[in-house]
Structures are given as structure tokens and as C-alpha cells.
Amino acid sequence: MPLEPSLVTALTWFAHIARHRSFTKAAAEMEITRAALSQHLKALEERLDVRLLHRTTRNMSLTEEGQQLLDVLQPALAAIEKAVGELGEVHAEPSGVIRMNSSRIASRLLLEPHMSEFLARYPKLRLELIMDDGFSNLVANGLDAGIRLGESLDEHMVAVPITPPLEMAIVGSPAYFARHGIPETPADLIGHNCLAYRFTSSGTIDHWTFTAPGEDGRKLVFEPQGNAVFNDDDSMLRAALQGVGLVRHIDLCVREQLASGALVRVLAPWCRPFPGFFLYVPSRAQMPAKVRALMDFLIERREALASPQRKRVATEDRRVKKRHGSRPKPL
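These figures come from a predicted structure and were not determined experimentally.

(A) Just unusual backbone geometry, in detail. Although it is not a glycine, Arg-21 adopts a positive phi angle of roughly 55°. Position of Arg-21 relative to the elements: it lies in the loop between helix 1 (5-20) and helix 2 (23-30). Accessibility expressed as a relative area gives 38% for Arg-21, which makes it partly exposed. For Asp-49, which is not glycine, the phi torsion reads 55° and is therefore positive. Structurally, Asp-49 is set in the loop between helix 3 (34-48) and strand 1 (53-55). Overall, the relative accessible area of 70% leaves Asp-49 in the exposed class.

(B) Spotlight on helix 3. With 15 residues, helix 3 should reach 21 Å at 1.5 Å per residue; the first-to-last C-alpha distance of 21 Å fits that figure. Every buried residue belonging to helix 3 is among Leu-37, Leu-41, Leu-44 and Glu-45, and all of these are buried. Projection of helix 3 onto a plane perpendicular to its axis shows the buried side chains occupying an angular sector of 95°, all on one side. Among the exposed residues of helix 3, those oriented more than 90 degrees off its buried face are Ala-35, Gln-39 and Glu-46. Buried residues along helix 3 sit in contact with helix 1, helix 2 and strand 1. Phi for Asp-49, located one or two positions after helix 3, is positive at around 55°.

(C) A look at the nonpolar core. Core analysis: the biggest nonpolar cluster contains 32 residues, and Ile-147, Phe-277 and Leu-279 have the highest contact counts within it. For this core, the element with the most residues is helix 10 (residues 289-324), which contributes seven residues. Formed by 21 residues, the second largest nonpolar core is a distinct cluster that contains Leu-7, Phe-14, Leu-44 and Met-60.

(D) A look at the packing of aromatic side chains. For the structure on display, the rule yields five aromatic pairs. Measuring from ring centre to ring centre gives 5.1 Å for Phe-118 and Phe-297, while their planes differ by 55°; the resulting arrangement is tilted. Residue Phe-118 is found in helix 6 (residues 115-121), and its partner Phe-297 is found in helix 10; the two are separated by 179 residues along the sequence. Neither Phe-118 nor Phe-297 differs from the other in exposure class; each is buried. Taken together through their ring pairs, the aromatic side chains of Phe-118, Tyr-122 and Phe-297 make up a single cluster. Note that Arg-301 overlies the ring of Phe-297, its terminal NZ or CZ placed 5.6 Å from the centroid.

(E) Just helix 5 (residues 104-111), in detail. Helix 5 sits mainly inside the fold: six of its eight residues count as buried. Taken residue by residue, helix 5 has Ile-105, Ala-106, Ser-107, Leu-109, Leu-110 and Leu-111 as its buried positions.

(F) The sheet that holds strand 5 (residues 145-149), seen in detail. Spatially, 4-3-5-14-6 is the arrangement adopted by the five strands of the open sheet, whose pairing is mixed. Edge positions in the sheet fall to strand 4 (125-131) and strand 6 (158-161), since each of these pairs with one other strand and no more. Ignoring which end each strand starts from, the neighbouring axes of this sheet average 25° apart. Examined bridge by bridge, strand 3 (residues 96-102) and strand 5 share three bridges and lie parallel to one another. By the bridge assignment for strand 5, Asn-101 is matched with Gly-146. On top of the sheet, helix 5 reaches strand 3, strand 4, strand 5 and strand 14 (277-281); it is set at about 125° to strand 3, its chief contact.

(G) Broad picture of the pattern of salt bridges. Scanning the entire structure with this criterion turns up twelve salt bridges. The partner of Arg-108 in a salt bridge is Asp-232, with the nearest N and O atoms 3.0 Å apart. Highlighted residues: Arg-108 in helix 5 and Asp-232 in the loop between strand 11 (229-230) and helix 8 (233-241), separated in sequence by 124 residues. Its relative accessible area of 14% is what places Asp-232 among the buried residues.

(H) Highlighting the environment of Ala-196. Relative to the assigned elements, Ala-196 resides in strand 8 (residues 196-197). Spatially, the C-alpha atom of Ala-196 lies 6.3 Å from that of Phe-230, the residues being 34 residues apart in sequence. Not counting residues up to four positions away in its chain, the partners in contact with Ala-196 are Ile-205, Pro-224, Ala-228, Val-229, Phe-230 and Met-236.

(I) Up close: the sheet that holds strand 12 (residues 247-250). An order of 12-7-13 is seen for the three strands of this open sheet, with the pairing classed as antiparallel. The open sheet has two free edges, formed respectively by strand 12 and strand 13 (264-266), since each of these has just one partner strand. If you compare each strand with its neighbour and ignore which way they point, the axes differ by 50° on average. Where strand 7 (residues 168-172) meets strand 12, four bridges bridge the pair, whose relative direction is antiparallel. Looking at the pairing, Ala-169 lines up with His-249 of strand 12.

Conventions used here
Residues numbered from 1 in each chain as written. Predicted model: local features only at pLDDT ≥ 70, side-chain atom pairs only at ≥ 80, totals over all residues. Heavy atoms only, no water. Helix = DSSP H or I, 4+ residues; strand = E, 2+ residues; numbered from the N terminus. Buried < 20%, exposed > 50% of the residue type's maximum accessible area, 1.4 Å probe, protein only. Expected span 1.5 Å × (residues − 1). Arc of directions from axis to C-beta. Contact = heavy atoms within 4.5 Å. Core = buried A, V, L, I, M, F, W, Y, C linked by side-chain atoms within 4.5 Å. Phe/Tyr/Trp six-rings, centres within 6.5 Å; stacked < 30°, edge-to-face > 60°. Lys NZ or Arg CZ within 6 Å of the ring centre and 35° of its normal. Pairing = 2+ DSSP bridges. Axes fitted to C-alpha atoms, helices over the stretch in contact; angles between N-to-C directions. Salt bridge = Lys/Arg side-chain N within 4 Å of Asp/Glu carboxyl O.

Okay, structure coming up:
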């Protein structure tokens with residue numbers, strides 16, 4: 001049986017009265033007279049043929065039936081208010097708090113360097129970052145968004161790429177390679193000091209996975225057995241810069257060190273591209289303006305990250321052609 005529109009209004013008024021436990025306070029909030037509010041409640045009780053409130057000159061309390069009705073109304077009205085609020089936010093100026101989950105690598109690479117620019121562009125926004133190397137359920141934890149590698153996301157999640165495809169890079173200092181030589185294949189790593197990374201969330205060591213070049217494409221998995229283990233990327237990278245050993249890191253994170261010559265990359269043909277970082281959100285429908293602003297900003301940053309990468313690839317192609325000369329295409 002359809003719910004009468006007039007009954008919806010009366011139920012809303014009842015919920016306000018019950019929340020305040022006062023006709024006077026509820027009437028002031030809803031900007032109607034106390035007498036009119038009392039009449040509406042009386043009409044609702046007559047319509048439902050049940051008493052909802054115990055009323056005396058000094059206090060007010062819910063009847064058992066009134067409490068049962070309120071227990072159903074409160075979450076329903078809260079959901080309606082949230083939906084209406086989010087709908088209004090779609091075209092509004094971004095404001096409020098963005099609570100988001102991110103791994104430490106993603107935060108240092110994608111958020112922290114651009115936080116000043118983002119918050120200056122949207123002065124009514126405030127960021128709350130929750131660092132967690134494990135995967136977080138946004139809805140269950142009351143979060144607005146999260147950042148994770150594409151390979152760790154469920155295919156049904158709402159997510160957009162915020163970096164170009166990435167590669168894992170095996171890197172070491174020039175001084176290290178001068179002492180120990182350069183590995184030509186993953187099998188050569190047995191003779192090198194390979195520094196390990198331990199995931200905080202699971203406690204497992206990050207294995208180094210390689211893919212053979214060419215059509216072979218076989219997978220090789222190597223467990224680093226060096227003399228140091230880290231659970232922090234920056235500490236691991238500093239050890240590599242000091243010549244302690246080799247480390248495996250996302251290529252984008254060591255781009256500056258490679259460009260300056262502070263680190264040297266090896267085994268690049270064995271490291272295939274994989275989906276980069278993604279911003280994931282609870283739902284694409286009625287996306288709040290604050291989340292849309294964050295998404296658009298990070299997509300802008302993605303284009304900036306991709307440009308130097310394209311330039312680097314073009315430069316390497318020119319070097320190869322200069323070294324070997326141009327070759328005719330096979331017929």
C-alpha cells in the first residue's frame with residue numbers, strides 16, 4: 001500500500017519532537033508554532049490509532065510503540081538527508097573534510113608534493129590522510145576515497161588511474177656496481193646484496209618478480225636475501241644511495257636519482273609495465289563536489305607525470321638509433 005504524502009510529513013515532525021523531547025524546541029527548529037506541531041502529532045496518533053508519546057506538563061517520553069517507530073524512522077531520515085545533501089554538493093563549491101586512505105608510497109609520490117597547490121585551489125577543503133599499507137574498505141571505515149595500485153583493486157570497484165603505467169626498477173649506486181659488477185639476468189642476483197622490503201600489513205617479504213624478454217615471457221620469482229630488511233621505502237632507498245646493496249622500487253619513485261646518476265638501473269628488459277596507482281571511491285553516482293575536485297586534480301597530475309616519461313622514452317630511442325644506426329624494417 002503506497003504511503004500517503006501527508007503521512008511522510010507527519011512522521012518527520014514526530015521524529016523531530018522525539019529527538020528533542022520537547023514541542024517547544026522542535027517547533028523552533030522547524031519554524032512553526034508549538035500549537036500547530038501538537039495538532040499534527042495528535043492527527044498522526046489518530047491516523048495510526050496508537051499513542052506515540054507520554055505527555056505531562058513537565059516532561060515527555062516515548063511509548064513503546066513510539067520508540068519502535070522512531071528506531072525505524074531515524075536511519076531512514078538520515079539516509080534521505082544525506083542523499084539530498086550529496087545531490088546539492090554535486091555542483092557546489094568543494095568544501096568540508098576529505099578522509100582518504102593511502103599507502104605511504106602513494107602519499108609521498110602523489111599527494112604530499114602537491115598538497116599546497118590543491119588546498120590553495122580549494123580553500124574550503126581539508127584533507128585527513130590515513131596511512132595504511134593494507135587495503136581499506138571505504139564504506140566500513142567512513143572514508144571518502146583511497147589510493148592503491150591497480151593490481152590490488154577488485155574489478156568491480158569504482159576507480160580511475162592517477163599515474164601512467166609503472167615498472168619496478170632494480171637499482172643500485174655506481175659505487176656498488178663498481179665493487180660487485182652489473183647483473184645481466186635475474187640469476188646473477190644470487191651473487192648480490194639484495195635488500196628486502198617487509199609489508200607492515202601482512203609481515204611478508206616482497207618478492208622480486210621478473211618476466212623474460214621477448215616472446216618467451218616466462219615468469220621468474222626471486223626472494224631477496226640481503227643483509228638488511230626494511231618496512232619503509234625512504235629508508236630502503238637511502239641504503240641503496242649509500243651503496244649498501246640493490247633495491248627494487250617503483251620507477252617513478254627513483255626517477256630523479258636515475259636522472260642525476262646517483263642510482264643506476266639494471267635488468268630493465270626483465271621488468272614489464274603494470275597498472276599504476278588508482279584513486280578509488282565508494283560510488284560514482286552523486287559524487288560529492290569535494291571528491292570530484294580531488295579526482296580531477298589527481299588526473300591533472302597524471303598527465304604531468306606522463307610527460308617526462310614520454311620524453312625519457314623518446315630520448316632512449318634516439319640513443320639506441322644513434323648507437324646502432326637505423327635498420328630497415330623486415331618485409
